[in-house]
Amino acid sequence: TAAIAQYRNMSDALNATGKHVVLDACWYTCYPANQCPGTVPLQMDNRVKVANSWRVGMDGSSFGRAIQNINIGVRLSQWAGPGHWNNLGLMSFGKQTPAQNRVQFSVYSILASPLILSGDLKALRAADLQTYGNAAVVAVSQDKLGSQGKALSGFPLCGDGSPNCSHTGVIGKRLAAQDSFSLLAVNLGPRAVNIT
């Protein structure tokens, strides 16, 4: 309750300036992966009322933590839309492989999470520059509809200790252009597979 009041005060003050300001809120209460799932709708409704984006997962720079945040965020698509998005956290590219960075960036993009890199930009590898500079993937993230992709199959993804998880998943997102959409197939398993 205290966090909601404080963020509402900040939101009101920023809106009163008449300037276009994006407020990204970070308050830790209960997350869907934790012990209080009944409070999630109330938490999320309050976040939508006071902020443009809000953290839905925990801090961390491991690929396992990225997968944990993806597994949390993919279930919250109903609260994302134009002007308000689920923030899955920073992308710490330096501690992951180029393939892991590609997975994280692609999933964060289709889930419309803010794309914020964390690390020494001088240490970006050529493969990472290719990933983060992929205009088509960024366009999916920045699509005018502002919607978040939805899990079509395979979640939760394995990699964060989730039980009954899947190494593959598919996320779909409707795009602003008429009859257009984006599909992302993810394979976290040790070998190539067919995904349908």
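A brief report on the enclosed structure follows. (Residues numbered from 1 in each chain as written. Predicted model: local features only at pLDDT ≥ 70, side-chain atom pairs only at ≥ 80, totals over all residues. Heavy atoms only, no water.)

### As for the environment of tryptophan 79
Then comes step 1: By the secondary structure assignment, tryptophan 79 is in the loop between helix H3 (63–73) and strand E3 (85–87).
Then comes step 2: Tryptophan 79 gets classed as buried once you look at its relative accessible area, which sits at 10%.
Then comes step 3: Separated by 42 residues in sequence, tryptophan 79 and leucine 121 place their C-alpha atoms 32 Å apart. (Helix = DSSP H or I, 4+ residues; strand = E, 2+ residues; numbered from the N terminus. Buried < 20%, exposed > 50% of the residue type's maximum accessible area, 1.4 Å probe, protein only.)

### Brief notes about the sheet that holds E3
Then comes step 1: Here we have three strands laid out as an open sheet, ordered E1-E2-E3, and parallel in their pairing. The sheet is open, and its two borders are formed by strand E1 (24–25) and E3, each paired with just one other strand.
Then comes step 2: Pairing of strand E2 (residues 53–55) with E3 involves three bridges; the strand directions are parallel. Counterpart to tryptophan 54 in the pairing with E3 is asparagine 86. (Pairing = 2+ DSSP bridges.)

### Focus on the state of the cysteines
Then comes step 1: Applying the stated rule across the entire model yields one disulfide.
Then comes step 2: The residue that forms a disulfide with cysteine 158 is cysteine 165, at a sulfur-sulfur distance of 2.0 Å. The sign of the 100 degrees torsion about the S-S bond sets the cysteine 158-cysteine 165 disulfide as right-handed.
Then comes step 3: For cysteine 158, a relative accessible area of 12% corresponds to the buried category.
Then comes step 4: Cysteine 165 sits in the partly exposed class, given a relative accessible area of 30%. (Disulfide = S-S within 2.5 Å.)

### Examining the sheet that holds strand E4 (residues 150–153)
Then comes step 1: The antiparallel open sheet is built from three strands, whose spatial order is E4-E5-E6. This sheet does not close on itself; its edge strands, each paired only once, are E4 and strand E6 (181–187). Taking each pair of neighbouring strands and ignoring which way they run, the sheet shows an average axis angle of 30 degrees.
Then comes step 2: When strand E5 (residues 168–174) meets E6, the two strands line up antiparallel, connected through seven bridges. Bridge pairing in E6 places isoleucine 171 opposite leucine 184.
Then comes step 3: The strands that helix H4 (residues 98–110) touches are E5 and E6; relative to E6, the one it contacts most, it runs at about 145 degrees. (Axes fitted to C-alpha atoms, helices over the stretch in contact; angles between N-to-C directions. Contact = heavy atoms within 4.5 Å.)

### Thoughts on the side chain of lysine 173
Then comes step 1: When you line up the elements, lysine 173 lands in strand E5.
Then comes step 2: It is aspartate 143 that comes nearest to the buried, bridge-free lysine 173 among opposite-charge side chains, at 5.7 Å.
Then comes step 3: Polar side-chain contacts of lysine 173 include one of 2.7 Å to the backbone oxygen of valine 140.
Then comes step 4: For lysine 173, the contacting residues outside a window of four places in its chain are Ser109, Ile110, Ala112, Val140, Ser141, Ser147, Gln148, Gly149, Phe181 and Ser182. (Lys, Arg positive; Asp, Glu negative; His and termini not counted. Salt bridge = Lys/Arg side-chain N within 4 Å of Asp/Glu carboxyl O. Polar contact = N/O pair within 3.5 Å; in protein donor to acceptor, adjacent residues only side chain to side chain.)

### A word on the packing of aromatic side chains
Then comes step 1: Tallied over the full model, the rule gives two aromatic pairs.
Then comes step 2: Where phenylalanine 93 meets tyrosine 132, the ring centres are 6.3 Å apart and the plane angle is 65 degrees; that geometry is what we call edge-to-face. On the criterion of sequence distance, the pair formed by phenylalanine 93 in the loop between E3 and H4 and tyrosine 132 in helix H5 (residues 126–132) is long-range, its members being 39 residues apart.
Then comes step 3: You can call phenylalanine 93 buried: its relative accessible area is 2%.
Then comes step 4: Centroid distance phenylalanine 105 to tyrosine 132: 5.1 Å. Interplanar angle 80 degrees. Geometry classified as edge-to-face. Taken together, the residues phenylalanine 105 in helix H4 and tyrosine 132 in helix H5 connect sequence positions 27 residues apart.
Then comes step 5: Taken together through their ring pairs, the aromatic side chains of Phe93, Phe105 and Tyr132 make up a single cluster. (Phe/Tyr/Trp six-rings, centres within 6.5 Å; stacked < 30°, edge-to-face > 60°.)

### Description of the packing of H3 against H4
Then comes step 1: As a packed pair, H3 and H4 sit with axes 11 Å apart at the nearest point and diverge in direction by 20 degrees. Looking at the two axes, H3 sits roughly parallel to H4. Here the hand of the crossing between H3 and H4 comes out left-handed. The segment H3 lies against H4, with Phe63, Ala66, Asn69 and Ile70 engaging Gln100, Val103, Gln104, Val107 and Tyr108.
Then comes step 2: Residues that form the contact of H3 with H4 fall into these classes: six nonpolar, three polar and no charged. (Parallel < 35°, antiparallel > 145°, perpendicular 65-115°, else oblique. Left-handed = near helix turned anticlockwise from the far one by under 90°. Nonpolar A, V, L, I, M, F, W, Y, C, P; charged D, E, K, R; others polar.)

Shape is all these values report; function is a separate question.
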